[in-house]
Amino acid sequence: MTPLTLSADTSRGGRRTAWVPTIVLILGALYCLIPIAWVIIAATKDRSELFSTFTLAPGSGFFQNLSDLTAYRDGIFWKWMANSAFYAGFGALLSAAVSAAGGYALGRFAFRGREAIFKMILAGVLVPSIVLAVPQYLLLSELGMADSYWSMLLPSILSPYGVYLVRIYAAASVPAELMEAARMDGASEWRIFSRIAVPMMMPGLITVFLFQFVGIWNNFLLPYVMLADDEKFPITLGLYTLLAQGASQPALYTLVITGCLLAILPLIALFLVIQRFWSLDLLSGSVKA
């Protein structure tokens, strides 16, 4: 009887203890979701309802806000959205490609100075982006690239964290025996990289793409330093200019809130799509194994 009693008590105690991390996770989720819920609700309110109704009470002006936002300066908001999609999408693709090549070389080849290069990359992970913004601007200004699309793309291509992540992933997921067998069959190094290594590293590359896309999409400091023409602004800097004008024109606050809501949607869609590819890659990897 005693062992059974102890086992039951332990089981009940384990269930009680499991509530602690559950409550912590719920509180963390609420902390992250409440601001999003506020943006969603506030975007439904018109100018008169925004400051006069209960915070969590929905309004009736979402479609009018959307129409006003689209009409503002001949639809410049959608130009900002397109710029952000270009900067984030193209920049993340280039960054994932560079990270794939650099991480694969550091993870699967032994050469003199490899560890020194890897340590320099690790040091780059620790450097805040705010420290690099002004030197990058001065360098690109000397090259005549300031206030251009290249001034947004070039600083985003090299991701130290992306190279580090792919290096770790390549060392763990690309077997050296498979590479040697491919060389014995006459495959070139490029063919080994593109046909064997890249598919095996795909979950890691998708992770790099996701991190870079979100980082570039949400980046405010770099476009603030690099760009002067508001036709080239991404959505973050564009909404900031709207918010600054809202100090003298309170009617623009509804446009800013509606724009914030629309700016979140591409990231949510990306996470949903990327999650599917993660599942497929992990499943295919387990089948191959």
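Shown above is the structure to which this text applies.
All values reported here derive from a predicted model rather than from experimental measurement.

A. Representation of the overall build of the protein chain within the structure. Each helix and strand counted, the protein chain has 13 helices and 0 strands in total. Listed N to C, the secondary structure of the protein chain is α-α-α-α-α-α-α-α-α-α-α-α-α in terms of helices and strands. Expressed as a percentage of the 289 residues in the protein chain, the buried residues total 34%. Summing over all exposed atoms, the protein chain offers an accessible surface of approximately 17,000 Å²; the carbon and sulfur share of this is 70%.

B. Spatial organisation of the pattern of salt bridges. Across all of its chains, the model carries 7 salt bridges by this definition. As a salt-bridge pair, Arg47 and Asp68 come within 3.7 Å of each other at their nearest N and O atoms. Residue Arg47 is located in helix α2 (residues 47-50), and its partner Asp68 is located in helix α3 (residues 62-71); the two are separated by 21 residues in the primary sequence. A residue is classified by how much of its surface remains accessible, and Arg47, at 52% relative accessible area, is exposed. Looking at Asp68, the relative accessible area reads 22%, which means it is partly exposed. Between Arg114 and Glu115 there is a salt bridge; the shortest N-O distance is 3.6 Å. By relative accessible area, Glu115 is classed as partly exposed at 37%. Each of Arg114, Glu115 and Arg167 takes part in one network of salt bridges that share partners.

C. Looking closely at helix α8 (residues 160-173). The terminal C-alpha atoms of α8, which comprises 14 residues, lie 20 Å apart, in line with the 20 Å expected from a rise of 1.5 Å per residue. Against the buried residues of α8 lie α4 (76-108), α5 (114-126) and α10 (189-217).

D. How the structure looks around the side chain of Ser159. The topology assignment puts Ser159 in the loop between α7 (150-157) and α8. Ser159 gets classed as buried once you look at its relative accessible area, which sits at 8%. Within the structure, Ser159 has its side chain in polar contact with the side chain of Gln212 (distance 3.5 Å). Dropping the residues within four chain positions of it, Ser159 is found in contact with Ser95, Ser99 and Gln212.

E. Molecular detail of the packing of α4 against α7. Running from N to C, α4 and α7 cross one another at 30°; their axes reach a closest spacing of 8 Å. One finds that α4 runs roughly parallel with respect to α7. When the axes of α4 and α7 are compared, the crossing they make is right-handed. Taking contact as the criterion, the partners of Phe86, Tyr87, Phe90, Gly91, Leu94, Ser95 and Val98 in α4 are, on α7, Met152, Leu153, Ser156 and Ile157. Grouping the amino acids of the contact of α4 with α7 by side-chain chemistry returns 8 nonpolar, 3 polar and no charged.

F. The layout of surface pockets, seen in detail. In this structure, the largest pocket spans a volume of roughly 720 Å³. Taken together, 26 residues form the lining of the largest pocket, with Ser129, Pro155, Leu158, Pro160 and Gln212 sitting closest to its centre. It is α10 that contributes the most residues to the lining of the largest pocket, 5 residues altogether. Classifying every residue of the lining of the largest pocket by side-chain character gives 17 nonpolar, 9 polar and no charged.

G. Region of interest: unusual backbone geometry. You will see that Arg73, though not glycine, has its phi angle at about 50°, which is positive. Unusually for a residue other than glycine, Asp74 sits at a positive phi of about 60°. Position of Asp74 relative to the elements: it lies in the loop between α3 and α4. You can call Asp74 exposed: its relative accessible area is 79%.

H. Representation of the nonpolar core in the model. Grouped together as the largest cluster of nonpolar side chains are 49 residues, with contacts concentrated most on Phe77, Met201, Phe213, Trp217, Ile235 and Leu242. Broken down by secondary-structure element, the contributors of at least two residues to this core are α4, α8, α9 (176-184), α10, α11 (221-226), α12 (235-246) and α13 (252-288). Per-element tally for this core: the top contributor is α10, with 13 residues. Residues Ala42, Leu50, Ile257 and Leu261 belong to the second largest nonpolar core, which totals 6 residues.

I. Region of the structure containing the packing of α8 against α10. Packing of α8 against α10 leaves a shortest axis separation of 9 Å and a crossing angle of 165°. The orientation of α8 relative to α10 falls into the category roughly antiparallel. Crossing of α8 over α10 shows right-handed handedness. Residue-level contacts link Tyr161, Gly162, Leu165, Val166, Tyr169, Ala170 and Ser173 of α8 to Met200, Met201, Pro203, Gly204, Leu205, Thr207, Val208 and Phe211 of α10. Here the contact of α8 with α10 is built from residues that sort into 11 nonpolar, 4 polar and no charged.

Calculation criteria
Residues numbered from 1 in each chain as written. Predicted model: local features only at pLDDT ≥ 70, side-chain atom pairs only at ≥ 80, totals over all residues. Heavy atoms only, no water. Helix = DSSP H or I, 4+ residues; strand = E, 2+ residues; numbered from the N terminus. Buried < 20%, exposed > 50% of the residue type's maximum accessible area, 1.4 Å probe, protein only. Areas by Shrake-Rupley, 256 points an atom, 1.4 Å probe, with all protein chains shown as cover. Salt bridge = Lys/Arg side-chain N within 4 Å of Asp/Glu carboxyl O. Expected span 1.5 Å × (residues − 1). Contact = heavy atoms within 4.5 Å. Polar contact = N/O pair within 3.5 Å; in protein donor to acceptor, adjacent residues only side chain to side chain. Axes fitted to C-alpha atoms, helices over the stretch in contact; angles between N-to-C directions. Parallel < 35°, antiparallel > 145°, perpendicular 65-115°, else oblique. Left-handed = near helix turned anticlockwise from the far one by under 90°. Nonpolar A, V, L, I, M, F, W, Y, C, P; charged D, E, K, R; others polar. 1 Å grid on protein atoms, 1.4 Å probe; cavity = no way out; pocket = protein on both sides within 12 Å on 5 of 7 lines; lining within 4 Å. Points joined across faces, edges and corners; volume = space filled by probe spheres on them. Core = buried A, V, L, I, M, F, W, Y, C linked by side-chain atoms within 4.5 Å.

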